[in-house]
Amino acid sequence: MDKDVMKSVAALRSGASSGTDSQRNAASAEMDSVLSRINVAFEAYPDLKAHATIADAMQQNSYLQKEITAARTLYNDTVAIWNQDIFAWPTKQIVAARQRYTTRIPFTASAETKAAARGTFF
């Protein structure tokens with residue numbers, strides 16, 4: 001319903017409906033009436049469900065960010081231990097050399113990713 005109303009309002013404002021002055025005045029009065037009903041609808045329902053949805057999305061985003069940070073920390077700690085162990089002399093270093101184990105690279109985020117993470121989502 002709102003989509004059709006807004007299309008009608010846009011058409012009327014653009015002058016798409018040409019006609020006599022009396023027809024334009026009648027259309028203008030009708031448009032004002034429709035817009036006042038829309039404003040009343042928003043004023044009558046100040047606690048919209050969209051607010052709860054946005055708050056829920058922000059809470060989920062915060063939770064996911066904490067989970068991702070914890071997973072990255074665990075990964076980087078594991079990589080650090082791995083990198084230390086393959087150079088431990090003599091046994092681990094010999095086994096690592098025979099099995100062709102190499103060091104692993106810890107996770108690091110690029111500068112663009114870090115800047116995007118600091119942005120405003122909503």
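**Student:** Help me understand the environment of I86 in this model?
**Tutor:** Here I86 lies in the loop between α3 (49-85) and α4 (91-99). Residue classification places I86 among the buried residues on the basis of a relative accessible area of 9%. Other than its neighbours up to four places away in sequence, I86 contacts K92, Q93, A96, Y101, T102 and T103.

**Student:** Before we go on, may I ask you to explain a nonpolar patch on the surface in this structure?
**Tutor:** On the surface, a nonpolar cluster with roughly 300 Å² of combined accessible area is contributed by Y63, L64 and I68. Mapped onto the secondary structure, L64 falls in helix α3. For L64, a relative accessible area of 48% corresponds to the partly exposed category.

**Student:** How should the pattern of salt bridges be read in this particular structure?
**Tutor:** In a structure, side chains of opposite charge can pair up when their charged atoms sit close to one another. Within the structure shown, the criterion is met by 1 salt bridge. The partner of D85 in a salt bridge is K92, with the nearest N and O atoms 3.6 Å apart.

Rules behind the numbers
- Residues numbered from 1 in each chain as written.
- Predicted model: local features only at pLDDT ≥ 70, side-chain atom pairs only at ≥ 80, totals over all residues.
- Heavy atoms only, no water.
- Helix = DSSP H or I, 4+ residues; strand = E, 2+ residues; numbered from the N terminus.
- Buried < 20%, exposed > 50% of the residue type's maximum accessible area, 1.4 Å probe, protein only.
- Contact = heavy atoms within 4.5 Å.
- Patch = residues over 30% accessible without salt bridge, like charges linked within 9 Å, V, L, I, M, F, W, Y side chains within 5 Å.
- Areas by Shrake-Rupley, 256 points an atom, 1.4 Å probe, with all protein chains shown as cover.
- Salt bridge = Lys/Arg side-chain N within 4 Å of Asp/Glu carboxyl O.

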